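Single-letter residue listing:
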Amino acid sequence: MAWSIQSLSRTDVPRVVRFAHPFLFWLKLALAMATIVFCGVKVMILDRGHLAADVPVGMAHVSVLDPVHQSTDVELPLFCEGSKIELHQKKSPCVVWDQDDMRSATVSGVNTATVVMSVTDRIDMRTDKFSWAPGAESHHRVAHAEDFRLRIEHMYQSPRFSQEWFEANPEGTVENNPWCGTHTSLLGFLVDHQSNILHRFSGEGPDVLSLSQLLEAAGHDADIDDNVRDRGLVLFVSIAYNNRPLPHSRGSVEWLTLSTLMPSENEVFYTYRVRVLPGATHSLTSLNYINETSRHVQTRHSVQASFVHTGEIFYMSTSLLVVTLSAAITLLQFSDMIVVATANHLLSKRWGSELLVWNPGKVN
């Protein structure tokens, strides 16, 4: 077989035939719209196919603060003996605590804090070398316990993105790493179970939340639930870091001026969400030996708030964007193939060529 430059450079141009039929038009339009909706809405907006994602890790230090009001400025709650308002229900003995009382009786620190709601005391007497006889119990509730505040200081880090940043910036530090942050540099929100904003944090100092605010966010009211005061409660508090509101988010979170398609490391915000652990109670028991034959047993029923860190951090990946756009172009080409196949094998056989208006394309 003889080869030549002319034969190798020759290109066969197929004859172009243009069909004009309403069904073909609507079929091509429907396939194109389906491709745009699938790639634009499903892949890019809902599935975030063009975004790289990472789950942040974090740590919170929590401590208990005094209520805003002073104990001498407020009256005893309605459920306390000595309250000026008479109720038909039975009242309980109450004690008034300050910040030092609360801190000495609770456990607070990394990712956890407790607020005592009531105290049960008893004196046990030794009966023999190995046994104790429990004495009569006295139960007191802590007045205005729900008004005690939690001071929350927290930070986050994106393991994947921060590592990539350090590899690209060997001389960089944690302070100037855009994928690390603290509560003082971020916008934050406390939301309820319907994503309605209850409180906003502007990053000026530590986050301060009262126990009543946490109970409100969890849909619980300590003022009307005696079980919370007498048995305790466990709250599951999540701090979710994100730089892109979810498409199905509800409430006032949607007004954030964040780009949904091109999130930035400078737009990270966090959200507190509170849930009650069903059926769980919390109490702490301490022993104080008075002498060899007697001991003081104190059980403190409290609300425990356990903090966990979650969320999802995004940034636009050029490689993933190219893959997504390439897939969209491929689907559009495939839809054209479906239209051509339909014209060749379905329309011409079913309705006949007389229903099709065709014009040969110009071939030079």
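So, how was this worked out
- Residues numbered from 1 in each chain as written.
- Predicted model: local features only at pLDDT ≥ 70, side-chain atom pairs only at ≥ 80, totals over all residues.
- Heavy atoms only, no water.
- Pairing = 2+ DSSP bridges.
- Helix = DSSP H or I, 4+ residues; strand = E, 2+ residues; numbered from the N terminus.
- Core = buried A, V, L, I, M, F, W, Y, C linked by side-chain atoms within 4.5 Å.
- Buried < 20%, exposed > 50% of the residue type's maximum accessible area, 1.4 Å probe, protein only.
- Contact = heavy atoms within 4.5 Å.
- Patch = residues over 30% accessible without salt bridge, like charges linked within 9 Å, V, L, I, M, F, W, Y side chains within 5 Å.
- Areas by Shrake-Rupley, 256 points an atom, 1.4 Å probe, with all protein chains shown as cover.
- Salt bridge = Lys/Arg side-chain N within 4 Å of Asp/Glu carboxyl O.
- Phe/Tyr/Trp six-rings, centres within 6.5 Å; stacked < 30°, edge-to-face > 60°.
- pLDDT = per-residue confidence, 0-100.

Quick look at the pairing of strand β15 (residues 283–291) now. The pairing of β15 with strand β16 (residues 294–316) spans 8 bridges and is antiparallel. Considered in β16, the bridge of Leu284 is made with Arg300. Linking two consecutive strands that pair antiparallel, namely β15 and β16, is a turn of 2 residues.

Moving on: the nonpolar core. If you look at the biggest cluster of nonpolar residues, it comprises 44 residues, and the most contacted ones within it are Leu150, Leu235, Tyr272 and Phe307. In this structure Tyr272 touches Ile152, His154, Phe189, Leu190, Val191, Phe201, Asp207, Leu209, Val237, Ser238, Ile239 and Phe307, once residues within four positions along its chain are discounted.

Along the polypeptide, Thr35 turns up in helix α2 (residues 22–46). Residue classification places Thr35 among the buried residues on the basis of a relative accessible area of 8%. For the pair Thr35 and Ile329, spaced 294 residues apart in sequence, the C-alpha to C-alpha distance is 8.9 Å. In this structure Thr35 touches Gly40, Ala328, Leu331 and Leu332, once residues within four positions along its chain are discounted.

This part is about a nonpolar patch on the surface. Nonpolar side chains collect at one region of the surface, where Phe25, Trp26, Leu29, Met33 and Ile36 lie side by side and expose about 550 Å² of accessible area between them. Tracing the sequence through the fold places Ile36 in helix α2. Classification of Ile36 as exposed rests on a relative accessible area of 52%.

Geometry of an aromatic ring pair is reported as the spacing of the ring centres plus the angle between the planes. Counting across every chain of the model gives 7 aromatic pairs. With a centroid separation of 5.5 Å and 65° between ring planes, the pair formed by Phe201 and Tyr272 is classed as edge-to-face. With Phe201 in strand β11 (residues 197–201) and Tyr272 in strand β14 (residues 269–276), this pair connects stretches of sequence that are 71 residues apart. Here the aromatic rings of Tyr241 and Tyr270 are separated by 6.3 Å at their centres, their planes lie at 55°, and the arrangement is tilted. Remark: Tyr270 occurs in strand β14 and Tyr241 occurs in strand β13 (residues 233–242); sequence separation between them is 29 residues.

Here we take up the side chain of Arg141. Of note, Arg141 is situated in strand β7 (residues 137–142). Assessed through its relative accessible area of 5%, Arg141 is described here as buried. Apart from residues no more than four positions distant in its own chain, Arg141 is found in contact with Phe79, Ser92, Pro93, Cys94, Val95, Met117, Ser118, Asp226, Arg229 and Asp230.

Per-residue pLDDT for the chain has a mean of 77; in total, 75% of the residues score no lower than 70. By mean pLDDT, the top-scoring element of the chain is strand β12 (residues 207–210) (92), and the lowest-scoring one is strand β17 (residues 357–360) (48). Scored below 50 in pLDDT, residues 246–258 makes 27 contacts in the model with residues more than four places away or belonging to other chains.

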